[in-house]
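Geometric and topological summary
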Amino acid sequence: MTSKRSLTLVLACILALALNASAAIPVGTKVTVRLGQAIRSETAHTGDSWDGTLANDIVVNGQTVAKAGDPVKGKVTYAKSSGRLKTPGQVSIRITSINGTSVTSSAVGAKGKSHTKSNATKIGGGAAAGALIGALAGGGKGAAIGAGVGAGAGTGVAAATGKQDVTLSAETARTFTITSSK
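Residues numbered from 1 in each chain as written. Predicted model: local features only at pLDDT ≥ 70, side-chain atom pairs only at ≥ 80, totals over all residues. Heavy atoms only, no water.

**A closer look at the side chain of serine 97**
Inspection of the secondary structure assignment puts serine 97 in strand S7 (residues 90–98). If near-sequence neighbours (up to four positions away) are discounted, serine 97 is found in contact with Pro71, Val72, Lys73, Ser102 and Val103. (Helix = DSSP H or I, 4+ residues; strand = E, 2+ residues; numbered from the N terminus. Contact = heavy atoms within 4.5 Å.)

Here it is in structure tokens:
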């Protein structure tokens, strides 16, 4: 009787392992996650951890392997703060586990707006205003000097206000593709 019980226990363990192995999330599965916190290009660092929750159930071969609301963990794979006059902020993230199961996913991220249009407006506007003031004050020569001074002032304004960072907002749904599952 003891050997029969042992055999039953071994078979039950094998069956449990087989079911667990078949419950892995297949490569190519789309997974939608709600971020648990905002991730900002200006404060995030590559390697930082983040938490979230599944937005939808993950069903494999008719079996639910993870439910909406299950915990998701991830890492920041790239973070760069915006420069003042060029190079907008960027941030990208990946999933590292779903409900305690290790996975790897595609990266999802965002990039801040280009500085070009904003800088051109500020610098060009400064030059135009300087030229107008210079022309009123000193004629043609004053207009040229005023344009130069105004462009410099416009560049200063662009440098002071020109950061174009990006934020992945909390509770925003992001869709990843699973690239490996253990």
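**What about the environment of alanine 173?**
Among the structural elements, alanine 173 can be located in strand S11 (residues 173–181). Those residues in contact with alanine 173 that lie beyond four places of it in its chain are Thr32, Val33 and Arg34.

**With respect to the pairing of strand S6 (residues 71–80)**
Inspection of the sheet shows strand S3 (residues 49–54) paired to S6 by 5 bridges, in the antiparallel sense. Bridging across to S6, serine 49 finds its partner in lysine 75. With 8 bridges connecting them, S6 and S7 associate as antiparallel partners. Directly across from valine 76, in S7, lies its bridge partner isoleucine 93. (Pairing = 2+ DSSP bridges.)

**Considering the confidence of the model for the protein**
Here the protein averages 76 in pLDDT, while 58% of its residues score no lower than 70. For the protein, helix H2 (residues 116–161) is the element with the lowest average pLDDT, namely 48, and S3 is the one with the highest, namely 98. Across residues 118–127, where pLDDT falls below 50, the model places 22 contacts with residues more than four positions away in sequence or in other chains. (pLDDT = per-residue confidence, 0-100.)

**Details of unusual backbone geometry**
Even without being glycine, asparagine 61 reaches a positive phi, approximately 50 degrees. The residue asparagine 61 is located in the loop between strand S4 (58–60) and strand S5 (63–66) in this model. Since its relative accessible area comes to 78%, asparagine 61 is described here as exposed. Within the chain, asparagine 99 stands out as a residue other than glycine whose phi angle is a positive 50 degrees. You can see asparagine 99 is positioned in the loop between S7 and strand S8 (101–105). Assessed through its relative accessible area of 40%, asparagine 99 is described here as partly exposed. (Buried < 20%, exposed > 50% of the residue type's maximum accessible area, 1.4 Å probe, protein only.)

**So, the packing of aromatic side chains**
The relation between two aromatic rings is expressed through the spacing of the ring centres and the mutual angle of the planes. All told, the structure shown has 1 aromatic pair when counted by the stated rule. Consider the rings of tryptophan 50 and phenylalanine 176, whose centres lie 6.1 Å apart with planes at 20 degrees: the pair is stacked. One end of the pair, tryptophan 50, is in strand S3; the other, phenylalanine 176, is in strand S11, and 126 residues separate them in sequence. (Phe/Tyr/Trp six-rings, centres within 6.5 Å; stacked < 30°, edge-to-face > 60°.)

**Side note on the environment of glycine 28**
With respect to the helices and strands, the residue glycine 28 is situated in the loop between helix H1 (2–22) and strand S1 (30–35). According to the relative accessible area criterion, glycine 28 is partly exposed, its value standing at 42%. What glycine 28 contacts, discounting residues up to four positions off in sequence, is Thr177 and Ile178.

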